[in-house]
Amino acid sequence: MFRPFVSILLALSLLPAAAFASDSFWQTPTIAGAGKIHALPQAAYQPDRNATYKVVFSLSKEGDKPDQVSPSLDHVARAVNLYVSAGVPLDHLKFVAIVSGGATPIVLNNAQYQKLHGIDNPNLPLIEQLRKAGVDIAVCGQAVAEHQFKYDWVDTHVTLALSALTTITVLEQQGYALMPL
């Protein structure tokens, strides 16, 4: 009596898994290979295509494994992909990602990252893509000093900021929304 009902429930529960397995389900429309999104054009709270969005992302976590891209940096890529997918032009995105605390090593150049972790810095290709999309990737100068890194160890695609504290407060006074990651 309940077997057809159970079979239907089982079949329905497998549908989302099949959708996630689809190659076209997850997309990376602007930042290739990072910041995966699923477009939802009918969902609520769509960005206004004509508005300008000012966001300062505070990145303070490196990630669990040094051979993987920082999840916080990947979320910045996701934000870019989400807004562009919703029709917001790249030049309407005023995004700054300020790296500090435990995330500081993600901005090291390859030579220094190799000395620290024994591998190339997996974050650098994403940082370069984000820069090309107009995202300013900055590092807290105080965090660089705290980690006893030299300032010339920071990758050339990264802006050296006085501090994360001042960067965030200066940008908030300019109308940026804070997004801690």
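A few points on the structure. (Residues numbered from 1 in each chain as written. Predicted model: local features only at pLDDT ≥ 70, side-chain atom pairs only at ≥ 80, totals over all residues. Heavy atoms only, no water.)

Strand-to-strand pairing in sheets goes through backbone hydrogen bonds, with the strands running parallel or antiparallel. The strand order across the open sheet formed by 5 strands is 4-3-2-1-5, and the pairing between neighbours is parallel. Strands with a single pairing partner mark the edges of an open sheet, and in this sheet they are strand 4 (159-161) and strand 5 (177-180). Between one strand axis and the next, the sheet turns through 30 degrees on average, direction left out of account. Relative to strand 2 (residues 93-99), helix 2 (residues 71-85) is tilted by about 175 degrees, and along the sheet it contacts strand 1 (53-59), strand 2 and strand 3 (136-140). (Pairing = 2+ DSSP bridges. Helix = DSSP H or I, 4+ residues; strand = E, 2+ residues; numbered from the N terminus. Axes fitted to C-alpha atoms, helices over the stretch in contact; angles between N-to-C directions. Contact = heavy atoms within 4.5 Å.)

Phi is positive for Y45, close to 60 degrees, though the residue is something other than glycine. Of note, Q148 is a non-glycine position whose phi angle comes to about 60 degrees, a positive value. In this structure, Q148 sits in the loop between helix 5 (141-146) and strand 4. Classification of Q148 by relative accessible area gives exposed; the value is 69%. (Buried < 20%, exposed > 50% of the residue type's maximum accessible area, 1.4 Å probe, protein only.)

For the rest of this paragraph, the subject is helix 4 (residues 124-132). Of the residues making up helix 4, those classed as buried are L124, L126, I127 and L130. Buried residues of helix 4, seen end-on, are gathered within an arc of 160 degrees and therefore sit on one face of the element. Backbone geometry just downstream of helix 4 places G134 in the positive-phi region, at approximately 100 degrees. (Arc of directions from axis to C-beta.)

This part covers the pairing of strand 1. Taken across its 7 residues, strand 1 has 6 buried, putting it largely inside the fold. Inspection of the sheet shows strand 1 paired to strand 2 by 7 bridges, in the parallel sense. Paired with L59 across the strands is V99, a residue of strand 2. Of the crossover connections in this fold, the one passing from strand 1 over helix 2 to the parallel strand 2 is right-handed. (Right-handed = clockwise from strand over helix to strand, strands pointing away.)

Another point: the side chain of H92. Along the chain, H92 falls in the loop between helix 2 and strand 2. Within the structure, H92 has its side chain in polar contact with the backbone oxygen of A51 (distance 3.0 Å). Excluding residues within four positions of it along the chain, H92 makes contact with R49, N50, A51, T52 and Y53. (Polar contact = N/O pair within 3.5 Å; in protein donor to acceptor, adjacent residues only side chain to side chain.)

Counting residues in hydrophobic clusters, the biggest one holds 33 residues, and the most contacted among them are F95, L130 and I137. For this core, the elements supplying multiple residues, two or more each, are strand 1, helix 2, strand 2, helix 4 and strand 3. When residues in this core are grouped by element, the largest group, 5 residues, is from helix 2. Residue contacts for I137: discarding those within four places in its chain leaves L73, A97, V99, I127, L130, R131, H157, V158 and T159. (Core = buried A, V, L, I, M, F, W, Y, C linked by side-chain atoms within 4.5 Å.)

Here a ring pair, both rings aromatic, is described through the centre-centre distance and the interplanar angle of the planes. In the structure shown here, the tally under the stated rule is 5 aromatic pairs. With centroids separated by 4.8 Å and ring planes inclined at 45 degrees, the aromatic side chains of Y53 and Y83 adopt a geometry described as tilted. Of the two residues, Y53 sits in strand 1 while Y83 sits in helix 2, which places them 30 residues apart along the sequence. Ring plane angle 75 degrees and centroid distance 5.8 Å describe the contact between Y83 and F95, whose orientation is recorded as edge-to-face. With a gap of 12 residues between them, Y83 in helix 2 and F95 in strand 2 connect regions that are remote in the sequence. Exposure remark for F95: the relative accessible area of 2% places this residue in the buried category. (Phe/Tyr/Trp six-rings, centres within 6.5 Å; stacked < 30°, edge-to-face > 60°.)

It is worth stressing that arrangement in space is one thing and function is another; only the former is reported here.
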